Structures are given as structure tokens and as C-alpha cells.
Amino acid sequence: MLSCRLFTFNFPLLIIHIRREALLFIEQLELLQRRGAIDFAQEVIAQKIFWDLQMAEHAQFIAHLLDPTEAVLINEANNFARLFFNLRAQAESGANPLGELIGQEITATSNLCNFKATAEELILGCRIKSIIFPLLADHLLREANHFLRILNTSGQIFGLGNQLSGPLICSHSLFKH
Ligand SMILES: [Fe+2]
């Protein structure tokens, strides 16, 4: 693909992104297989750094797959990309306490999750113009929910009960009836 001998309608970054997720899954399975000890604080930071990048790229994919006339949504998606790259840089710098990072992250991820849920609903209802395959939209939403679950579990482990008032799962209204 990168040497132009194969043409697909997928962005090269999408392939790298999916491969990165597969590698993480293998890594986690191997960790379980070795029955290795897990340092929860380190693990949360590592997961956060990983999923911040994935969330930022999801927002970039959404921005690039929307019709150019969908300026408001493109702008919102680009803002989410910037936000998650920023959150990742903060986690990498190690400057902020873990509780603060998780709290900020839960708010940001809930907002992104709601944005993705709305986007999926609009795509399914044929109310926005895009070349986003509905199953891709649903997949992006499921990964935000996966990250939210990791954050909520981490928050409970680190005693952040007060900040966990939001819903554990976000979904579009087609699933709420
Ligand atoms: Fe992803």
C-alpha cells in the first residue's frame, strides 16, 4: 500500500491503527499467559497513552471521511483529535497526578463517545453526508465504550468514586428504546 502497488479505500493510518490494536491484544494475552504481576498505576498510564492515540486517530478518521460540506462536524472531530493528542502528551509527561488524569480522561472520553453515538445515529438515519461505513462508526463507538470501561474500573481502583457519575456505556438513541 505504501509503495503504491496495492490500492484500497483505506487510509494507511487506519491499517497501522488496527495493527496496533491487534499487537496490544497479543501483548495482553501473553501477559496473562505468563501470569505476570501487574502494576495497576503503570498499567493505567500505559492504557491511557495507548487509547488516547487511538481516540485521537478515530476523530481524525471521522473528520476525513465526512463530506467537506459537514464543516461543523469536521471542526468538532478535529477539536477532539487535538484534545486527545494533548491528553496523551500530558500522560507521557508524568507531570499530573493519576487521579486528575483519569478524571479529565473520563470527561473527554464520555464527550467523544456521545459525539460518536450521535454521528452513528445521523449516519444510520441518512441525516449527514459522509463515506463512513456504518459498521466502522459502530466500531469506533464500541472502542470508546471499551476505553470508558477501562477508565471507570481504574477510577474505582484508585478511589475516584465521585468522578464516576456518568453512564458506563454511551449509545445512540436507536438502542435506547
Ligand atoms: Fe480503533
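In the block above lies the structure referred to throughout.
Computed from a prediction, not measured in an experiment: that's the story for all the values here.

Draft legend 1. Representation of helix H2 (residues 40-65) within the structure. An ideal rise of 1.5 Å per residue puts 38 Å on 26 residues; H2 measures up with 37 Å between its terminal C-alpha atoms. What H2 keeps buried is the set Val44, Lys48, Trp51, Asp52, Gln54, Met55, Glu57, His58, Ala59, Gln60, Ile62 and Leu65. As for H2, its buried residues are in contact with helix H1 (12-34), helix H3 (71-93), helix H4 (98-124) and helix H5 (134-157).

Draft legend 2. Structural view of the packing of H3 against H4. Where H3 contacts H4, the axes come no closer than 11 Å and their chain directions differ by 160°. In terms of orientation, H3 lies roughly antiparallel with respect to H4. Helix-helix and strand crossings are classified by hand; for H3 and H4 the assignment is left-handed. Residues Glu76, Phe80, Leu83, Phe84, Leu87, Gln90 and Ala91 of H3 touch H4, and the partners they reach there are Leu101, Gln104, Glu105, Ala108, Leu112 and Phe115. Of the residues belonging to the contact of H3 with H4, the class tally is nine nonpolar, two polar and two charged.

Draft legend 3. Local environment of the packing of H2 against H4. Between H2 and H4, the shortest axis-to-axis distance is 11 Å and the interhelical angle comes to 30°. If you check the angle between H2 and H4, you find them roughly parallel. For the crossing formed where H2 meets H4, the hand is left-handed. Together, Ala41, Val44, Lys48, Met55, Ala59 and Ile62 of H2 and Leu98, Leu101, Ile102, Glu105, Thr109, Leu112 and Ala119 of H4 make up the contact between the two elements. Of the residues belonging to the contact of H2 with H4, the class tally is 10 nonpolar, one polar and two charged.

Draft legend 4. Quick look at the nonpolar core. Met55, Ala59, Ile62, Phe80, Leu112, Cys113 and Ala144 are the most contacted members of the largest nonpolar core, which has 32 residues in total. The set of elements that each furnish at least two residues to this core consists of H2, H3, H4 and H5. For this core, the element with the most residues is H4, which contributes nine residues.

Draft legend 5. Unusual backbone geometry, seen in detail. Notably, Cys4 is not glycine yet its phi reads approximately 65°, a positive angle. Among the secondary structure elements, Cys4 is positioned in the segment before H1. Non-glycine residue Cys126 carries a positive phi angle of around 55°. By secondary structure assignment, the location of Cys126 is in the loop between H4 and H5. Take Cys126: there are 7 C-beta atoms within 10 Å of it, and that puts it in the exposed class.

Draft legend 6. Up close: H5. For H5, spanning 24 residues, the distance from its first C-alpha to its last is 35 Å, which sits close to the expected 34 Å at 1.5 Å a residue. For H5, the full list of buried residues reads Ala137, Leu140, Leu141, Ala144, Phe147, Leu148, Leu151, Asn152, Ser154 and Gly155. If you follow the buried residues of H5, they end up packed against H2 and H4. Count one or two residues on from H5 and you reach Gly159, which has phi positive near 65°.

Conventions used here
- Residues numbered from 1 in each chain as written.
- Predicted model: local features only at pLDDT ≥ 70, side-chain atom pairs only at ≥ 80, totals over all residues.
- Helix = DSSP H or I, 4+ residues; strand = E, 2+ residues; numbered from the N terminus.
- Expected span 1.5 Å × (residues − 1).
- Buried ≥ 20, exposed ≤ 12 C-beta atoms within 10 Å, placed from the backbone.
- Contact = placed C-beta atoms within 7 Å.
- Axes fitted to C-alpha atoms, helices over the stretch in contact; angles between N-to-C directions.
- Parallel < 35°, antiparallel > 145°, perpendicular 65-115°, else oblique.
- Left-handed = near helix turned anticlockwise from the far one by under 90°.
- Nonpolar A, V, L, I, M, F, W, Y, C, P; charged D, E, K, R; others polar.
- Core = buried A, V, L, I, M, F, W, Y, C linked by C-beta atoms within 7 Å.

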